[in-house]
Amino acid sequence: MAKAKIITPKAEEFLEKYLNVTSPTGYEKEGQKIWIDYLKPYVDKIEVDNYGTAYGIINPEAKYKVVIEAHADEISWYVNYITDNGLIYVVRNGGSDHQIAPSKRVNIHTKNGIVEGVFGWPAIHVRKEGEETPKQDNIWIDIGAKDKEEVEKLGVHVGCVITYPDTFHILNKNYYVCRALDNRMGGFMIAQVARLLSENKDKLDFGLYITNSVQEEVGLHGAEMITQTIKPHVAIVTDVTHDTTTPMMNKIKQGDVQCGKGAGITYAPAVQNNLRELILDTAEENKIPIQRMAASRFTGTDTDAFAYSNGGVPSALISLPLRYMHTTVEMVHKKDVEAVIELIYLSLKKIKNNQDFRYIKTT
C-alpha cells in the first residue's frame, strides 16, 4: 500500500484543470502543457516529440526502460463545408458520436480565438418520418451568421477544429464526470504514479518513462511513434473500458465490467502473459480489486502499438471502467481510479532491472 495518499485535493485540482482544457486529436498542445507542468517536480527529465507526445523520465541514464502510458487526445470535429447561408457541416476527428450532437453547444477554434456555436436540429413538430435520426451528413452547426461571408470574417474556415465546452464535475461524491475522460484520466493516473514514487522516496533500478501519447483516437499513432523513440523493454498501458451494466450493453459480447468494482485486466494476444501475471499477483497480494476482460485479436488501445514494436515489447493493459464513452458525460468511479493508480505503482515496484519476461525460455 502506498504511504502517500493516492488522490489528494491538489491532485483533484490538477484533474479539473486538465480536463477542462481542450486537447483534440492533432491539437493536444494545451493539455500537454498542463500535464507537463504538473509532472515536472516528480521526474528527472521531460521530453516532447515532434507531434506532441510528452514523457517524463525517472532515471534517464538507465539502460533498462519501462513505460507507463496513457493517451492525451480527445475526440472532436472538423469544419468540412460552409453553406451560402452560413451553416457549417462537419466531419469527425476521431470517433465523435453524431447522435449526441443535436442541441449541444460547441467551440470552433480559429486563429482569432473561440467562435461559439450550437449543433442545430429541427423541432419535433416538423420532422418527417425517416428524418428522426441524427447522421454525420445531416447535423450542422449554427454560429448565428447570416451568410458564408460572415462566417469567414469570424475566422471560421474548412479545417477548423470543433470541441464541446462541457466541464468537470463530481456526481454523488463518487463519480468524476466530464468529456474526454477517455483518456485524460489515464494521463492523470500515470502522473499520480510518478507523484507517489517521488513522495514515498521509492528508488527504481530501471528507467521509468511516464508517457502521455497523442493521436490515439485516430489509430494509435502517437504510441507508434514514441515506442520507436524510447525503445522500451516493458510497457504498461492504461486506458478506459466500457461499464457493461448500463442499458443497451450486451455482456455476452462486451463482458461483465462495472464501475466501482476495480481495475480491468485484459487477456489478449498483445498482452504478454508473464507481465500480466505479475500485475495480477500484485493485485492479489495487495487486495486491490480487479475485473478480468478478454479481447479478441487486438485490444484497440495503445497496448497494441507497444506490443508489436521493436521486435516485440512485453506489454500489458490496465483499464478504467467508464460509462457513456465518447459522450460529454463520461463517468468513472473514484475507487476505480485509485485502484488503477495503486496497481500500476505497486506493479512497478515488483519489476526488476533487466527482468526477462520471455514466455518461453531456452536457457
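Small disclaimer: the values here were computed from a predicted structure and weren't measured.

Draft legend 1. The packing of aromatic side chains, seen in detail. Overall, the coordinates contain 10 aromatic pairs when judged by the stated rule. Note on F168 and Y176: the rings are 5.8 Å apart at their centroids and 35° apart in plane angle, and the pair reads as tilted. A single burial state applies to F168 and to Y176, both of which are buried. Counting every residue linked through ring pairs, the aromatic cluster contains F14, Y18, Y38, Y42 and F188. Here the guanidinium or amino end of K104 rests over the ring plane of Y164, the centre of that ring lying 5.8 Å away. In this structure, R184 packs its charged tip against the face of Y18, placed 5.6 Å from the ring centre.

Draft legend 2. Layout of the sheet that holds strand β3 (residues 65-71). Taken together, 8 strands build an open sheet; the order of strands is β1-β2-β12-β3-β13-β16-β14-β15 and the sheet is mixed. Edge strands, defined here as strands with exactly one partner in the open sheet, are β1 (45-48) and β15 (290-294). When the angles between neighbouring strand axes are averaged without regard to direction, this sheet yields 25°. Where β3 lies against strand β13 (residues 234-242), 4 bridges are found, and the strand directions are parallel. Bridge pairing in β13 places V67 opposite A235. Packing against the sheet, helix α2 (residues 29-39) makes contact with β1, β2 (54-58) and β12 (207-213), and its axis sits at approximately 10° to β2. The strands touched by helix α5 (residues 221-230) are β2, β3 and β12; relative to β12, the strand with the most contacts, the crossing angle is about 155°.

Draft legend 3. Region of the structure containing the nonpolar core. By size, the foremost hydrophobic cluster in this structure holds 70 residues, and its most contacted members are W35, F188, L208, I210, V337, L348 and I351. Take this core: its biggest share by element is 10 residues, from helix α4 (residues 181-199). W35 has contacts with F14, Y18, A54, Y55, G56, G187, I190, A191, I210, T211 and N212, leaving out every residue within four places of it along the chain. Membership of the second largest hydrophobic core comes to 19 residues, among which are V106, I139, I143 and A145.

Draft legend 4. Fine view of the sheet that holds strand β10 (residues 169-171). In space, the 3 strands of this open sheet follow the order β10-β11-β17, with antiparallel pairing throughout. Two strands close off the open sheet at either side, each with one partner strand: β10 and β17 (330-333). Across the sheet, the axes of successive neighbouring strands diverge by a mean angle of 30°, strand direction being ignored. Contacting β11 (175-178) and β17, α4 runs over the sheet at an angle of about 35° to β17. Sheet strands in contact with helix α9 (residues 334-350) are β11 and β17, and its direction is about 65° off that of β17.

Definitions and limits used
Residues numbered from 1 in each chain as written. Predicted model: local features only at pLDDT ≥ 70, side-chain atom pairs only at ≥ 80, totals over all residues. Heavy atoms only, no water. Phe/Tyr/Trp six-rings, centres within 6.5 Å; stacked < 30°, edge-to-face > 60°. Buried < 20%, exposed > 50% of the residue type's maximum accessible area, 1.4 Å probe, protein only. Lys NZ or Arg CZ within 6 Å of the ring centre and 35° of its normal. Pairing = 2+ DSSP bridges. Helix = DSSP H or I, 4+ residues; strand = E, 2+ residues; numbered from the N terminus. Axes fitted to C-alpha atoms, helices over the stretch in contact; angles between N-to-C directions. Contact = heavy atoms within 4.5 Å. Core = buried A, V, L, I, M, F, W, Y, C linked by side-chain atoms within 4.5 Å.

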